[in-house]
Each structure stands twice: as structure tokens, then as C-alpha cells.
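Listed below, chain by chain, are the residues.
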Amino acid sequence: MSLAAIQTLYSGNPLDRADQLRDDPALMTEGPKEIGSRFTVMAGDRFLTLDAGGLAWLDYIGIGLYPAEETLFLGIAEDGTKRYAVLWPTEAMDADLPLAGLKFRDVRGIGLKAGWPDPELGILAQAKSMLDWHQRHRACAQCGAPTDMVKAGYERQCRGCGASHFPRTDPVVIMLALHGGKALVARNAKMPPGFFSALAGFVEPGETIEEAVARELFEEAGVKATSVRYVASQPWPFPSSLMIGCIADVADDKVTLDMTELVESRWVTKAEAKEGLKGMDPAFMLPPTIAIARDLITAWVKEG
């Protein structure tokens, strides 16, 4: 079975990340002041947006409303202007902004809001993951000394031992297990009753994607994968993962759940999954549009 190509939410970033410019100090000293340079702003876990939808891109004067805790370079826009991300203090999130038509929104809510352009969500994923990483890596993991941002935000360097630290992305496999024309979905203990999704888990050191899929399926549901096929991936900025979507055929439909993570499972037909995607029955709901799990299920349902 071949699945159609999937365009996942939070992907499709149109910026040229321009690695060749990052070692130039002027990129962070003079670049932000250039006419046309624009900044997306995060405070706490929210981004500044337009009331009508879309990110609010401020100019150099606009970002001066609050002291920037971090400023990093995102890339070059299609019109040749520079794009940056700025971290404001958390209190800015709840303040009355002197800028009309703007409000802070959380990233999940932004992704769920209908009509938002996908390319902009790709920029959002980049900005959030990077700013989150900088907040968590202000001390060196080797010696504990303070670190400083270098290379326009794509490295932190230790003041003590000189170690270099780079932004990380955590790979996560998410897979739809198939057997006998049905797909396995399960409910995580943290999810409300009636909410089902594909199984998922972090890739461990020294493990391929295929091995991680097989291990997670066996650990969580007791099913043995006989084949694994990659379908699509999705940046997941909560805080910084790469969701690796796969389809796995399994040997049989006997399920033994790991009850510490999963509390319920179902084998569903395409007709049942189609109804679950509509979200009309509170007893059986499938993931929202922001999740690659929904994309996997939708693609499987549409295949003949």
C-alpha cells in the first residue's frame, strides 16, 4: 500500500535559513535595524498575533516595548528582508499592549485556528523550538558555567570550559499499526475518555526508525511489527520534537496494553475511522488537525 504525500502542520517554512551569514556579527548588530527587518515575538509560551489571524511581525522600534531576553536570526524572507525571533519577559504576555489589534496566543491554539497559512506555522515552529532551547540551556551541561548565544542563535558557548552546545531536536516515531484491514488506535492515560490516537514514542540511542516503531508497538500494545514504512514527518514545537510518521503491518490483532501509558485500545475499520475524524461522537474522537496522527489516519482512510 502506498500512501499519498502528506503536508503536515508546522512544516513548510519558506525562510532561507542562511547559515552562511550566521558567523557575521553584523547580522545581529546591524541586521535588526535594517529597513524591512521584522521580528516575531514570544512571551512565556505564547506568540504575538494579529486579532484577525497570523503572526504579528514588529519592526525594530516595536520590539523595544520590552527588553529582549533573547534575539535570534530565523532567516531571509522571499523579498530579501531578514526575519528574527525575540523573547520578551513573561509579564508582557498579560500586559495591556499599546499596539492595537494584537494579542498573545498559545502555539497549539494558533495551529488549530482555521485559515492560518501553513508556511507561517513553519516559521512559528522554528522560532518556538529555538527560543525554548535557549531558555533551557543558559548553563553549560559539562561544567555548569553560564553560556552565551553565538552564531546568530544557533549555538551557545560556555564561558568556563569553552564547550559548544547546539539546538537539539528529539525524534519521535508515531505509527499506525495495521492488520486485517483495520488500524489500531489507543487512548493515553492523560487523554479524556473517547479520545483515541496512533501510538508513539521517542527514538532511543542506537536505534533506527524502524526498530523504534517495532519496539514501541510491542512495549505499548504487545503487537509485533512485520514491516514498517515511513510516510511523513512533522516539526512538533512542544518543546522541540520531530514526529516521524510511519505505517506498520503487524502479525496479529492480539493486544496487550501497557496500562501505565495506555488505558484503552480499538481496532477500527476505515468506515469507523472516517466517522471518528468527524469528531461528532464524544465516545470516539480522533486527533485534531494539528497532529500528524490525524494525517496518518486520514491518508489510510482515503487509500483504496
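Here the structure is shown first, and the text comes after it.
Report follows, based on the coordinates. (Residues numbered from 1 in each chain as written. Predicted model: local features only at pLDDT ≥ 70, side-chain atom pairs only at ≥ 80, totals over all residues. Heavy atoms only, no water.)

## A closer look at the packing of helix H5 (residues 270-278) against helix H6 (residues 292-302)
Axes are the key here: two packed helices are described by the angle between their axes and the distance separating the axes.
Part 1 of the reasoning: The N-to-C vectors of H5 and H6 enclose an angle of 135°; their axes lie 9 Å apart at closest approach. The angle between the axes of H5 and H6 places the two elements in the oblique class. Judged by the twist between their axes, the crossing of H5 over H6 is left-handed. Between H5 and H6, the contacting residues are Lys 270, Ala 273, Lys 274 and Leu 277 on the first element and Arg 294, Ile 297, Thr 298, Trp 300 and Val 301 on the second.
Part 2 of the reasoning: In terms of residue class, the contact of H5 with H6 is built from 5 nonpolar, 1 polar and 3 charged. (Axes fitted to C-alpha atoms, helices over the stretch in contact; angles between N-to-C directions. Helix = DSSP H or I, 4+ residues; strand = E, 2+ residues; numbered from the N terminus. Parallel < 35°, antiparallel > 145°, perpendicular 65-115°, else oblique. Left-handed = near helix turned anticlockwise from the far one by under 90°. Contact = heavy atoms within 4.5 Å. Nonpolar A, V, L, I, M, F, W, Y, C, P; charged D, E, K, R; others polar.)

## Structural notes on the packing of aromatic side chains
Given two aromatic rings, one states the distance between the centres and the angle between the planes to describe the pair.
Part 1 of the reasoning: As enumerated under the stated definition, the model contains 9 aromatic pairs in all.
Part 2 of the reasoning: Relative to Phe 238, the ring of Tyr 10 has its centre 6.0 Å away and its plane inclined at 80°; by these criteria the two rings are edge-to-face. Remark: Phe 238 occurs in the loop between strand S12 (225-236) and strand S13 (241-250) and Tyr 10 occurs in the segment before helix H1 (26-29); sequence separation between them is 228 residues.
Part 3 of the reasoning: Aromatic rings pair up to connect Phe 39, Tyr 60, Phe 73 and Tyr 84 into one cluster. (Phe/Tyr/Trp six-rings, centres within 6.5 Å; stacked < 30°, edge-to-face > 60°.)

## Here we look at the sheet that holds strand S2 (residues 46-50)
Pairing between the strands of a sheet is mediated by backbone hydrogen bonds and can be parallel or antiparallel.
Part 1 of the reasoning: Pairing within the open sheet is mixed, and its 5 strands lie in the order S3-S4-S1-S2-S5. The strands lining the two open edges of the sheet, one partner per strand, are strand S3 (70-76) and strand S5 (102-106). Strand-to-strand twist in this sheet, taken as the mean axis angle between neighbours without regard to direction, amounts to 35°.
Part 2 of the reasoning: The pairing of S2 with S5 spans 5 bridges and is classified as antiparallel. Its bridge partner lying in S5, Thr 49 is registered against Lys 103. (Pairing = 2+ DSSP bridges.)

## Notes on the pairing of strand S4 (residues 82-88)
Part 1 of the reasoning: The element S4 is extensively covered by neighbouring structure, given that 7 of its 7 residues are classed as buried.
Part 2 of the reasoning: Residues of S4 alternate between two faces, with Lys 82, Tyr 84, Val 86 and Trp 88 on one and Arg 83, Ala 85 and Leu 87 on the opposite face, all of them buried.
Part 3 of the reasoning: For strand S1 (residues 38-43) and S4, the ladder comprises 6 bridges, and the chain directions are parallel. Opposite Met 42, over in S4, you have Leu 87 as the bridge partner.
Part 4 of the reasoning: Bridging between S3 and S4 involves 6 bridges; their strand directions are antiparallel. Within S4, the position partnered with Glu 70 by the bridge is Leu 87.
Part 5 of the reasoning: Here S3 folds back onto S4, and the loop between the two strands holds 5 residues, one of which, Gly 80, carries a positive phi near 90°. (Buried < 20%, exposed > 50% of the residue type's maximum accessible area, 1.4 Å probe, protein only.)

## Considerations on the nonpolar core
As a rule of thumb, soluble globular proteins bury nonpolar side chains together.
Part 1 of the reasoning: Core analysis: the largest hydrophobic core is formed by 49 residues, its most contacted members being Tyr 10, Phe 47, Leu 124, Leu 176, Val 185, Leu 286 and Ile 297.
Part 2 of the reasoning: Contacts of Ile 297, omitting those with residues within four sequence positions, involve Leu 176, Val 185, Ala 273, Leu 277, Leu 286 and Pro 287.
Part 3 of the reasoning: By size, the runner-up hydrophobic cluster in this structure holds 21 residues, among which are Phe 73, Ile 76, Val 86 and Met 93. (Core = buried A, V, L, I, M, F, W, Y, C linked by side-chain atoms within 4.5 Å.)

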